[in-house]
Amino acid sequence: MSGGIGLDRLSLNQATVKHLNLAEAVALCVRHDIPAIGLWRDRVAQAGLAEAAAGVRSAGLRVSSLCRGGFFTAAEPDGRRAALADNLAALAEAAELGTDTLVLVSGGLPPGQRDLGLARRMIADAIGSLVPEALRLGVRLGIEALHPMFCADRCVISSLGEAVDLALLFPADAVGVVVDTYHVWWDARLADEIARAGRRIVSFQVCDWCCRCRPTRCSDGATSVTG
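A short note on the overall build of the protein chain
Each helix and strand in the protein chain was counted, giving 9 helices and 8 strands. Here the protein chain holds 227 residues, and 51% of them are scored as buried. Carbon and sulfur atoms make up 55% of the accessible area of the protein chain, which totals about 10600 Å².

Spelled out as structure tokens, the structure:
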């Protein structure tokens, strides 16, 4: 991302204020002149999709992203088909909300498996299946790398470099990457990978990973700068 980053690109991730419902989070953004909000699907479902979209629009906010899609690595074909259907639904929800970014947490090792290569191939295949619909709706799939401690159960994409390699297999208009500083700060190649990602960066999540709070409190909550 070139040029200065102003407050017009600041977004509050809804998970940062988990104790607030959607209407309260929207009001918080308005009160503090935050122009955008990153929504989570469970909170949108609680409010109702149409109601959530209307509420954000009427407040004059934009939706920077929708969390989350992914979890592609079910052991059984039926589970993988269900995940694909859920991600197609998430793309439709993102389009209805007016955001161009669906954040993906890709999934951990399939139950009973230890084959990282297999899990990563499942993810690549699933993303490839979603690309046509992502292009049709104008919603980019943002691959988020999670810290290696989450590799087994949540996300086998553990570094920004892996996320960029995966994204580059697909059209830039359909697939990008999410840089979450909480998860990737440790990577010695981080600066190089951010530069390599370039315009593939669809969201940059800022979190004080040196804070004194418990990691579980920060890991899903971050303030974002949208790409």
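Once you've had a look at it, read on.
Points about the confidence of the model for the protein chain
Of all residues in the protein chain, 89% have pLDDT values of 70 or greater, and the mean over the chain is 91. Every residue in residues 211-222 scores below 50 in pLDDT, and together they form 23 contacts with partners more than four places removed in sequence or on other chains.

Some words on helix α8 (residues 190-197)
All of the buried residues along α8 are Leu190, Glu193 and Ala197. Each buried residue of α8 sits inside an arc of 65° when the element is viewed along its axis, so together they form one side. Opposite its buried face, α8 presents the exposed residues Ala191 and Ala195, each directed more than 90 degrees away. For α8, the secondary structure elements touched by its buried residues are α6 (160-167), β6 (175-180), α7 (181-184) and β7 (201-206).

Quick word on the packing of aromatic side chains
Following the criterion strictly, the structure yields 0 aromatic pairs and no others. Directly above the aromatic system of Phe150 lies the positively charged group of Arg154, at a separation of 4.7 Å from the ring centroid.

A few points about the side chain of Asn87
As for its position among the elements, Asn87 is in helix α4 (residues 77-97). At 2.7 Å, the side chain of Asn87 and the backbone oxygen of Ala83 are in polar contact.

Structural notes on the nonpolar core
Among the nonpolar cores identified, the biggest contains 59 residues, and Leu39, Ile127, Leu141, Ile143 and Val175 are the most heavily contacted of them. Counting residues per element, this core draws most heavily on helix α5 (residues 116-137), which supplies 8 residues. In this view, Leu141 contacts Leu91, Leu102, Leu104, Ile127, Leu130, Ala134, Ala174, Val175 and Gly176; residues no more than four positions away in its chain are not counted. By size, the runner-up hydrophobic cluster in this structure holds 6 residues, among which are Ala15, Val103, Val178 and Val202.

A look at the pattern of salt bridges
On inspection of all chains with the given rule, the structure shows 10 salt bridges. Ionic pairing is found between Arg136 and Glu133, a salt bridge with its closest N-O pair at 2.8 Å. Taken together, the residues Arg136 and Glu133, both in helix α5 and 3 residues apart, mark about one turn of the helix. Judged by its relative accessible area of 22%, Glu133 falls in the partly exposed class. For the salt bridge of Arg189 with Glu193, the shortest nitrogen-to-oxygen distance reads 3.5 Å.

Some words on unusual backbone geometry
Following Cys67, the chain continues into Arg68 via a peptide bond in cis, with omega recorded as -10°. You can see Arg68 is positioned in strand β3 (residues 62-70). Phi angles above zero are rare outside glycine, and Phe71 is one such case at about 55°. Relative to the helices and strands, Phe71 is located in the loop between β3 and α4. Here Phe71 falls in the partly exposed class, since its relative accessible area comes to 35%.

Rules behind the numbers
- Residues numbered from 1 in each chain as written.
- Predicted model: local features only at pLDDT ≥ 70, side-chain atom pairs only at ≥ 80, totals over all residues.
- Heavy atoms only, no water.
- Helix = DSSP H or I, 4+ residues; strand = E, 2+ residues; numbered from the N terminus.
- Buried < 20%, exposed > 50% of the residue type's maximum accessible area, 1.4 Å probe, protein only.
- Areas by Shrake-Rupley, 256 points an atom, 1.4 Å probe, with all protein chains shown as cover.
- pLDDT = per-residue confidence, 0-100.
- Contact = heavy atoms within 4.5 Å.
- Arc of directions from axis to C-beta.
- Phe/Tyr/Trp six-rings, centres within 6.5 Å; stacked < 30°, edge-to-face > 60°.
- Lys NZ or Arg CZ within 6 Å of the ring centre and 35° of its normal.
- Polar contact = N/O pair within 3.5 Å; in protein donor to acceptor, adjacent residues only side chain to side chain.
- Core = buried A, V, L, I, M, F, W, Y, C linked by side-chain atoms within 4.5 Å.
- Salt bridge = Lys/Arg side-chain N within 4 Å of Asp/Glu carboxyl O.

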